[in-house]
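Read off the chains here:
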Amino acid sequence: MFSISTLLISIGAITALTVFLAIILVVADAFIANYGECKITINGKKELTVKGGRSLLSTLMEEEIFIPSACGGRGSCGLCKLRIESGAGQYLPTELPWISKEEQARNVRLSCQVKVKNDMEILIPEELFSVKQFSAKVESLKDLTYDIKELRLKLIKPEIIEFKAGQFVQILTPEYKLSDEQVFRAYSVSSVPSETDVVELEIRLVPEGICTTWIHQYLKEGDTVTINGPYGDFHLRDTERDIVCIAGGSGNAPIKSILLDMAEKGNRRKVSYFYGARSRRDLVLPEEMAEITKRLPNYKYIPVLSNPDEGEDWDGETGWVTDAVARHLESGDNVEAYLCGSPGMIDACIKVLTEKGVPGELIFYDKFA
Amino acid sequence: MNADMMPAAIFFGAIFTGNILLSNYLGMCSFLSVSKEIKTSTGLGAAVIFVMAVTTLLNWIVYHYLLIPLHLEYLRFIVFIVVIAAFVQLVEMIIERVSEGLYAALGIFLPLITVNCAILGVSLFMVIRNYSLVSSFFYGLGSGVGWFLAILAMAGIRKKIAGASIPKGLEGPGITLIIAGMMALAFMGFSGMINIS
């Protein structure tokens, strides 16, 4: 039989038990998990005093030192590596898949897994100090293809960014209808470094993607967004070798930045740019990418369609982008390569380039996972 | 009858004849995902032994001194889960503070265990089978040891077959589930010894 007293007793009992357990945990958190203030020494020069108990990655982020991380601290991307000279304790099983034996010998750690529990000495590459957080205004947001948008951001504060063509920035996606937490996602810059007050990105809509859906469907011109960067070591190496660039999808962005930067600097190296797409409507900025040849004399743009629509007048390359590369590239002896796109495409391209004789250490890539 | 069983019999029964993983197929998700390496399997297995033994004890106390007197037995699912979650979180905090080595070896697995259904399963079986306090403790301990044994054996087998050529569609969880099935058949050989279910 149902009665009010049964109801009250069950609610009371559950509440009492839960409150009791919650109190225990709150007290434990205040006493057991309280690590007080810790001192972090960076590169032997800079000293920070921080509150302990959280991961090194988020502690540093609070101090405005931004370590690249694509997964947001879940230990699944392996990007937030740092050298920790003292104070980190032993390796955790969650770090080991990302850290090689050589890196272990140099005390490389995943900063999202290491908690700040006592004083630490860490080493951060100097270029990460140039990583800053910017607020920026959406200057324009337009469709490049049916699923790729070009987002132009005008920097507000700080007003100027210094980066190398090919690097990427992270965009903060705020909480919105489809996501109840803030996330950072990384996108390559497509504008030239000489345009110091603008960051331009090419963003492809990923089905169910938190950040891309927000940019494609919720962001408007005039809105303010938060970004940080620049990150990454995908940039043009200063050599005399011929250059092969291969990209697919929004992988056009960093290549565009690299090519425009070369044009501005009057670079005379030979460049072939293979862009793989399904059909004509998937090509990103075909005219603009072809016209670069006016300013970059030894440049050739080779779009490759794997699946041209019926009845389309397409006299360019067809098939897989890797086959087109194999047809055009005679020998890889004097070549270095820059690849940007999906992991599958990059792995296939690395295979072809290696077979052609391009040395593995001269194949640079940025995998868009 | 069950209530009168010797704790020692329950302990060994829980390991061999009524192995929580191989006879009830509980705790499968972490069993499949963590059994790739012997070292991590050992860590997770040890954590399961500890948490199972202690939470079964705690849940017995909560059940018999809180739920039965108030006639709230039907709330045991939610209450047991809350107790397990709170306990695991507390233990993680303590381990992280006290011993760095233990945290690296064991503590890191604790959050995985909160949602391990074998832990809740053991607490529920203890109620169904009407165990006494001592028996419950040994049942929890035995189930933990049984789970540990099963994942360790699986990790060993997976290491042996690491170089084997397995049909494409069966790689990973597929072949692991088949092996788990064979292990369960092998463990059925013990079933004549002690009957705890």
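This text gives an overview of the structure that appears in the document. Predicted model only: the values in this text are computed from it and were never measured. (Residues numbered from 1 in each chain as written. Chains lettered and ligands numbered in written order. Predicted model: local features only at pLDDT ≥ 70, side-chain atom pairs only at ≥ 80, totals over all residues.)

Things to note about the interface of chain B and chain A
- In this assembly, 18 residues from chain B lie in contact with 19 residues from chain A.
- Of all the secondary-structure elements, those providing two or more residues to the side of chain B that touches chain A are α3 (38-67), α4 (76-98) and α5 (100-105) of chain B.
- The dominant element in the side of chain B that touches chain A, judged by the number of residues it contributes, is α4 of chain B, at 8 residues.
- Across the side of chain B that touches chain A, the residue classes break down as 12 nonpolar, 4 polar and 2 charged. (Contact = placed C-beta atoms within 7 Å. Helix = DSSP H or I, 4+ residues; strand = E, 2+ residues; numbered from the N terminus. Nonpolar A, V, L, I, M, F, W, Y, C, P; charged D, E, K, R; others polar.)

Some details on unusual backbone geometry
All names here are of chain A.
- The amide bond that connects Lys 157 to the next residue, Pro 158, takes the cis arrangement and shows omega of -15°.
- Structurally, Pro 158 is set in the loop between β7 (148-157) and β8 (168-173).
- In this chain, Gly 229 is followed by Pro 230 through a cis amide linkage whose omega measures 0°.
- Relative to the helices and strands, Pro 230 resides in strand β11 (residues 224-231).

Focus on the environment of Gly 192 of chain B
- Relative to the elements of secondary structure, Gly 192 of chain B occurs in the segment after α9 (173-188).
- For Gly 192 of chain B, a count of 8 C-beta atoms within 10 Å puts it in the exposed group. (Buried ≥ 20, exposed ≤ 12 C-beta atoms within 10 Å, placed from the backbone.)

Details of the sheet that holds strand β5 (residues 120-123) of chain A
All names here are of chain A.
- Judged by pairing direction, the sheet is mixed, and its 5 strands sit side by side in the order β2-β1-β5-β3-β4 without closing on themselves. Two strands in the sheet have a free side with no partner beyond their single neighbour: β2 (46-51) and β4 (108-110). When the angles between neighbouring strand axes are averaged without regard to direction, this sheet yields 40°.
- Bridge count for strand β1 (residues 37-42) against β5 is 3 bridges, and the pairing is parallel. (Pairing = 2+ DSSP bridges. Axes fitted to C-alpha atoms, helices over the stretch in contact; angles between N-to-C directions.)

So, the sheet that holds strand β12 (residues 242-248) of chain A
All names here are of chain A.
- Ordered in space as β15-β14-β13-β12-β16-β17, the 6 strands form an open sheet in which the pairing is parallel. Pairing within the sheet leaves two strands with one partner each, and these edge strands are β15 (317-318) and β17 (363-367).
- The pairing of β12 with strand β16 (residues 335-341) spans 6 bridges and is parallel. Residue pairing across strands places Val 244 opposite Ala 337, the latter belonging to β16.
- Running at roughly 155° to strand β13 (residues 271-277), helix α7 (residues 321-328) makes contact with β12, β13, β14 (299-305) and β15 of the sheet.

Notes on the packing of α7 of chain A against helix α8 (residues 343-355) of chain A
Residues and elements named next belong to chain A.
- Packing of α7 against α8 brings their axes to within 9 Å, and their N-to-C directions diverge by 20°. Between α7 and α8, the crossing angle belongs to the class labelled roughly parallel. For the crossing formed where α7 meets α8, the hand is right-handed. Every residue of α8 that contacts α7 at Val 321, Thr 322, Val 325 and Ala 326 is listed here: Met 345, Ala 348, Cys 349 and Val 352.
- Taken together, the residues of the contact of α7 with α8 break down into 7 nonpolar, 1 polar and no charged. (Parallel < 35°, antiparallel > 145°, perpendicular 65-115°, else oblique. Left-handed = near helix turned anticlockwise from the far one by under 90°.)

Overview of the pairing of β16 of chain A
Residue and element names in this part refer to chain A.
- When you tally the buried positions in β16, you get 7 out of 7 residues, the bulk of the element.
- Inspection of the sheet shows β16 paired to β17 by 5 bridges, in the parallel sense. Pairing of Tyr 338 across the sheet is with Phe 364, part of β17.
- Note that the unit made of β16, α8 and β17 has a crossover that is right-handed. (Right-handed = clockwise from strand over helix to strand, strands pointing away.)

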